[in-house]
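A closer look at the structure
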Amino acid sequence: MGLLFVMTFVSMTSIDISTNSLASICSGTWLNKVGDEPISQLYYDSRKSIQPEGAVFFALITPHSNGHLFLGDVVNAGVKTLVISSDANVSELKNVNILKVENTLLAMQQLATFKRKQFKNQVIGITGSNGKTVVKEWLHQLLMPDYNICRSPKSYNSQLGVPLSVWQLELQHNLGIFEAGISEMGEMENLAEIIQPNWGIFTSLGLAHANGFPSKLEKAREKFKLFETCEKVFYPLDQEKINTVAEEFRLKHPDCKLITWSEKHSETDLKVQIQVNGQLTEVVCITQKGTFNLKLPFTDRPSIENAITCTLVLLELNYSFKIISERVQDLTALKMRLELKKAINNCSLINDAYSLDLDSLGYALEFLSRQNQHPKKTLILSDFPEDNTIAEKLYGKLVALLRNFPLQKIIYVGNQMQPFLENLPVKEVHQFDNTSSLIEHFNTLEFSNEAILIKGARKFGFERIAQRLEERIHETLMEIDLDALLHNYRFVKTKLSPKTKTMVMVKALSYGSGSYEISALMAQNGADYLAVAYPDEGVLLRTAGIKLPIMVLNTEVGQFEMCFRYKLEPVIYSFRTLNACIEEFGGNDKPVNIHIEFDTGMRRLGFNVGDVISLGKQLISNPKLQVCSVFSHLASGEDLNDNSYTQQQFSLFEKACEALQKITQKPFLRHILNTAGIFNYPNNAYEMVRLGIGLYGIDSSGKHQAQLLQVGRLKTIISQIRTLQIGDSLGYNRRFTAKEVTKVGTLPIGYADGISRDFGLGKISFLINGKLAPTIGSICMDMCMVNLSGIEAQEGDEVLIFGEENPIYNTAKQSNKIPYEILTGISGRVKRVYIKT
Ligand SMILES: *Cc1c(COP(=O)(O)O)cnc(C)c1O
């Protein structure tokens with residue numbers, strides 16, 4: 001059985017359906033009828049906690065499970081209404097409504113269909129081989145400011161997922177967006193009946209020949225059945241098979257408007273020209289009403305196509321070009337990617353145990369082959385889910401695919417591939433009939449220091465193998481998500497002109513996120529400059545092989561020699577430091593690179609603007625000192641209420657630069673914006689910006705927080721759990737005394753790791769098994785305690801101190817700190833682990 005699914009809603013604005021009407025909606029017969037109540041939630045999994053009020057339990061029969069076996073548990077949990085298809089186990093169930101139907105899944109679908117019919121607003125239905133979930137999530141993101149949207153959670157698009165999704169529709173919604181996925185002929189009619197879309201979107205038609213469909217054209221025809229009720233259908237004109245079927249559809253539905261986008265044809269609603277520039281994609285959009293440009297923060301083809309599909313829908317909704325461009329360039333890439341995990345015996349694991357087809361296997365193998373930290377690469381593979389009839393073709397292609405990758409070991413589970421095994425281009429091949437047999441012989445496989453890809457069809461249950469391989473964390477770790485970091489970098493770039501250079505601030509070990517790892521990534525991805533606070537931080541980067549120019553914010557007299565030896569570029573911010581630098585290097589043979597800082601209002605470091613003439617004179621009489629850039633720093637770039645002060649800083653800065661330029665007559669870069677400045681004043685970027693905290697997922701201007709991804713995940717585990725009785729005290733100085741029986745957990749992380757003592761006494765909370773656990777008592781040096789009351793937790797369970805689901809800006813707010821302080825406070829003894837696909 002799948003996961004538990006709960007749906008709640010505000011009853012005031014609900015579409016009321018009560019248990020009394022169930023029998024007629026689902027064509028069933030009451031075996032027992034005790035009462036009537038409005039239906040709130042639909043359940044089909046008995047294992048998790050159930051909110052019994054208004055709950056209806058559907059006893060589903062699937063290949064792996066049978067809900068009828070759990071009816072007793074469900075009734076004990078308080079559920080008052082059951083829908084069943086077999087009455088074998090019901091005689092002892094008392095005081096519950098029991099409805100008997102032919103088919104419980106069908107009954108759930110009928111109930112959802114009934115609800116859909118009460119909903120009078122717009123519904124968009126999405127189908128296609130790829131991109132359904134992305135287009136749905138993106139449309140949600142794009143339309144959210146103007147619509148109250150009901151959408152399918154995650155990728156709920158199956159015969160079970162669709163009714164559960166549609167059941168969420170309520171009166172307060174003015175738009176529903178649902179996806180429909182099918183794997184066989186004959187399935188779509190069912191889903192179309194439940195969704196009944198007014199508008200339809202066909203995202204794409206996959207290349208792979210899919211089992212379950214006689215041909216690609218038939219597959220497209222079957223998918224088109226979703227659109228029977230549609231007034232408008234959107235699709236990519238350049239996909240010929242979709243277009244053929246659309247033309248057939250038009251003959252039968254002359255009133256339905258077909259709306260297309262195309263790269264090749266002019267007779268289309270949206271003609272696009274796609275150009276990938278480094279990390280960004282520019283799309284020129286040509287429509288009847290005019291032309292506009294999109295800047296996308298990604299470059300992969302599927303994301304580009306999905307973004308264009310969304311644009312097409314927004315155009316039809318009459319959004320202005322300006323709003324479309326603004327919103328589309330803020331789209332967040334969805335996390336649908338592979339992750340590398342640490343595994344036993346110094347192995348790394350890529351776990352993709354839930355699907356298997358040639359396309360996704362190729363993608364995963366490519367990822368595997370990039371794991372250069374392990375020379376040995378291993379693939380654990382199952383049979384394909386397709387049946388035997390196409391084995392020869394399929395496995396022939398598989399062998400060809402595998403030849404492209406340097407694999408040392410293949411562990412294969414199944415028997416369809418047997419005849420092809422000897423053709424495999426790998427020395428070490430192991431075969432097992434089933435997953436259990438592999439697990440039994442696990443130790444003979446001698447996994448050690450290798451990168452392992454697990455790729456299996458769902459029915460093989462390869463997650464069991466993954467569990468054996470995964471290493472449980474036993475320590476406090478800070479995970480750094482380099483993909484998220486790169487996303488943030490690209491996102492910030494979309495706010496700037498392509499010509500603007502970027503200096504990435506990697507001071508304080510990249511805001512606590514590492515050292516050369518971040519710099520290396522930024523160097524690979526087009527950053528122009530790096531900046532550190534002190535020379536020794538720069539030396540560290542040079543020794544690690546970083547070649548980008550590095551500016552050093554704070555160089556003391558006496559450190560210039562070291563700076564120049566390591567090709568670091570010091571900031572000169574006062575006559576004292578200028579004179580020291582001139583004294584030592586003014587007469588040098590080779591020129592040295594320096595930067596000039598002006599104080600325009602921060603009052604921290606920098607020359608006064610009034611001193612620009614004498615500064616200029618000194619510089620021209622010492623031509624070996626080469627001024628690479630001139631900059632200043634904003635005092636409150638994040639605060640638009642301080643706009644006039646900031647404007648004054650800009651104007652002082654411009655004056656200083658102009659005057660200096662007049663004297664030195666040499667070009668230099670100008671920069672003043674930090675992260676918040678970039679978001680609030682992009683027109684004052686001059687030639688370069690200095691990007692700091694935005695890279696790590698924090699927008700102190702508050703404008704774009706939703707578009708940035710959290711980069712750091714600080715996590716630990718529960719070392720011990722105990723229960724305090726009333727009156728028991730806890731921790732140093734007994735700052736907590738239990739007023740009621742209290743469950744507490746001890747975590748191996750304390751103020752020496754960066755969990756400030758100010759975080760104690762319940763100031764902040766950590767996420768444990770989906771619930772927030774506040775600190776309790778004082779934080780100790782190496783440990784702290786949390787209140788676990790009401791949380792199901794065991795010793796050894798993972799604790800998220802901060803990260804995506806418990807963002808650091810919340811932690812900061814709760815404790816009166818700022819994210820900068822918390823991030824840079826995580827001490828060096830906390831191990832950093834980098835995640836990158
Ligand atoms: C730290 C720093 C930055 C970066 O600021 P963020 O707010 O983190 O973007 C820029 N310039 C100077 C001089 C800095 O010290």
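What comes next is a walk through the structure. Keep in mind that this is a model prediction, so the values were computed, not measured.

1. Some words on the side chain of arginine 690
Mapped onto the secondary structure, arginine 690 falls in strand S30 (residues 688-691). Lacking a salt bridge, the buried arginine 690 has glutamate 597 as its closest oppositely charged neighbour, with an N-O distance of 6.4 Å. Aside from chain neighbours lying at most four places away, what touches arginine 690 is Met503, Met505, Met551, Phe631, Ser632, His633, His671, Ile672, Leu673, Asn674 and Thr675.

2. Looking at the site of the ligand
Taken together, Met505, Lys507, Tyr511, Leu553, Arg604, His633, Asn674, Thr675, Arg690, Gly692, Ile693 and Tyr820 form the complete shell of residues around the ligand. Between the ligand and the protein, one listed contact pairs an oxygen atom with a side-chain N or O atom of lysine 507 at 2.6 Å. Isoleucine 693 is positioned with one of its backbone polar atoms (N or O) 2.8 Å from an oxygen atom of the ligand. Within the complex, the protein chains bury 95% of what would otherwise be the 380 Å² of accessible surface of the ligand. Of the residues contributing to the shell around the ligand, the split by class is five nonpolar, four polar and three charged.

3. Overview of the packing of aromatic side chains
For the coordinates displayed, the defined rule picks out 20 aromatic pairs. A centroid spacing of 6.3 Å and a plane angle of 20° characterise the contact between phenylalanine 560 and phenylalanine 564, whose relative ring orientation is stacked. With phenylalanine 560 and phenylalanine 564 both in helix H19 (residues 560-565) and four residues apart, the pair spans about one turn of that helix. Accessibility expressed as a relative area gives 15% for phenylalanine 564, which makes it buried.

4. Topic: the side chain of glutamate 187
Along the chain, glutamate 187 turns up in the loop between strand S8 (175-179) and helix H6 (188-195). Among buried charged residues, glutamate 187 stands out as having no salt bridge; its nearest opposite-charge side chain is lysine 223, 9.0 Å away.

5. Considering the sheet that holds strand S4 (residues 81-84)
Read from one edge of the open sheet, five strands run S1-S5-S4-S3-S2, paired in mixed fashion. Here the strands that pair on one side only, and so sit at the sheet edges, are strand S1 (29-32) and strand S2 (41-43). Each adjacent strand pair in this sheet contributes to an overall mean axis angle of 25°, direction not counted. Across three bridges, the pairing between strand S3 (residues 55-58) and S4 is parallel. The partner of valine 56 across the bridge, within S4, is threonine 81. Here helix H3 (residues 104-118) sits on the sheet and contacts S2, S3 and S4; the angle it forms with S3, its principal contact strand, is near 145°.

6. A closer look at the sheet that holds strand S16 (residues 347-352)
Strand order across the open sheet formed by six strands is S15-S16-S20-S17-S18-S19, with mixed pairing between neighbours. Looking along the sheet, the strands with just one partner apiece sit at the ends: strand S15 (340-343) and strand S19 (428-432). The average undirected angle you get between the axes of adjacent strands in this sheet is 20°. When strand S18 (residues 409-413) meets S19, the two strands line up parallel, connected through five bridges. Among the inter-strand pairings, tyrosine 412 is bridged to a residue of S19, identified as glutamine 431.

7. Some thoughts on the packing of H3 against H6
With their axes 7 Å apart at the nearest point, H3 and H6 run at an angle of 40° to one another. In terms of orientation, H3 and H6 fall into the oblique class. Taken together, the residues of H6 that come into contact with H3 (itself represented by Gln109, Ala112, Thr113, Arg116 and Lys117) are Asn190, Glu193, Ile194 and Ile195. Within the contact of H3 with H6, the residues separate by chemical class into three nonpolar, three polar and three charged.

8. Structural notes on the nonpolar core
Core analysis: the largest hydrophobic core is formed by 107 residues, its most contacted members being Met522, Ile596 and Phe598. Examining the composition of this core, we find that seven residues originate from one element, helix H15 (residues 482-494), more than from any other. In contact with methionine 522, not counting residues within four places along its chain, are Leu485, Leu486, Tyr489, Val504, Ala527 and Leu695. Ile380, Ala391, Leu394 and Met417 belong to the second-largest nonpolar core, a separate cluster that totals 50 residues.

9. A word on the packing of helix H7 (residues 216-224) against helix H8 (residues 240-252)
Two numbers describe how H7 lies on H8: the axes approach to 9 Å, and their chain directions differ by 50°. On the basis of the axis angle, H7 is oblique to H8. The element H7 and its partner H8 pack so that their crossing is right-handed. Packed against H7, whose contacting residues are Lys216, Leu217, Ala220, Arg221 and Phe224, the element H8 presents Lys241, Ile242, Thr244, Val245, Ala246, Glu248 and Phe249 at the interface.

10. Side note on the pattern of salt bridges
Scanning the entire structure with this criterion turns up 30 salt bridges. Between lysine 117 and glutamate 193 there is a salt bridge, with its nearest N and O atoms 3.9 Å apart. Note that lysine 117 is positioned in helix H3 and glutamate 193 in helix H6, a separation of 76 residues in sequence. Overall, the relative accessible area of 44% leaves lysine 117 in the partly exposed class. Lysine 715 is the partner of glutamate 479 in a salt bridge, and the nearest nitrogen-oxygen pair spans 2.8 Å. Of this pair, glutamate 479 sits in strand S21 (residues 477-481) while lysine 715 sits in strand S31 (residues 712-717), and the two are 236 residues apart along the sequence. The burial state of glutamate 479 is the same as that of lysine 715; both residues are buried. The structure contains a network of salt bridges with shared partners spanning Glu479, Arg713, Lys715, Glu798 and Glu805.

11. A look at H8
Compared with the 18 Å implied by 1.5 Å per residue over 13 residues, the 19 Å span of H8 between its first and last C-alpha is a close match. Of the positions making up H8, those classed as buried are Ile242, Asn243, Val245, Ala246 and Phe249. Buried residues in H8, looked at end-on, bunch into an arc of 165°, giving them a common side. Exposed and facing more than 90 degrees away from the buried side of H8 are Glu240 and Leu251. For H8, the secondary structure elements touched by its buried residues are strand S9 (199-202), H7, strand S10 (232-236) and strand S11 (257-262).

What counts and how
Residues numbered from 1 in each chain as written. Predicted model: local features only at pLDDT ≥ 70, side-chain atom pairs only at ≥ 80, totals over all residues. Heavy atoms only, no water. Helix = DSSP H or I, 4+ residues; strand = E, 2+ residues; numbered from the N terminus. Buried < 20%, exposed > 50% of the residue type's maximum accessible area, 1.4 Å probe, protein only. Lys, Arg positive; Asp, Glu negative; His and termini not counted. Salt bridge = Lys/Arg side-chain N within 4 Å of Asp/Glu carboxyl O. Contact = heavy atoms within 4.5 Å. Near = heavy atom within 4 Å. Polar contact = N/O pair within 3.5 Å; in protein donor to acceptor, adjacent residues only side chain to side chain. Areas by Shrake-Rupley, 256 points an atom, 1.4 Å probe, with all protein chains shown as cover. Nonpolar A, V, L, I, M, F, W, Y, C, P; charged D, E, K, R; others polar. Phe/Tyr/Trp six-rings, centres within 6.5 Å; stacked < 30°, edge-to-face > 60°. Pairing = 2+ DSSP bridges. Axes fitted to C-alpha atoms, helices over the stretch in contact; angles between N-to-C directions. Parallel < 35°, antiparallel > 145°, perpendicular 65-115°, else oblique. Core = buried A, V, L, I, M, F, W, Y, C linked by side-chain atoms within 4.5 Å. Left-handed = near helix turned anticlockwise from the far one by under 90°. Expected span 1.5 Å × (residues − 1). Arc of directions from axis to C-beta.

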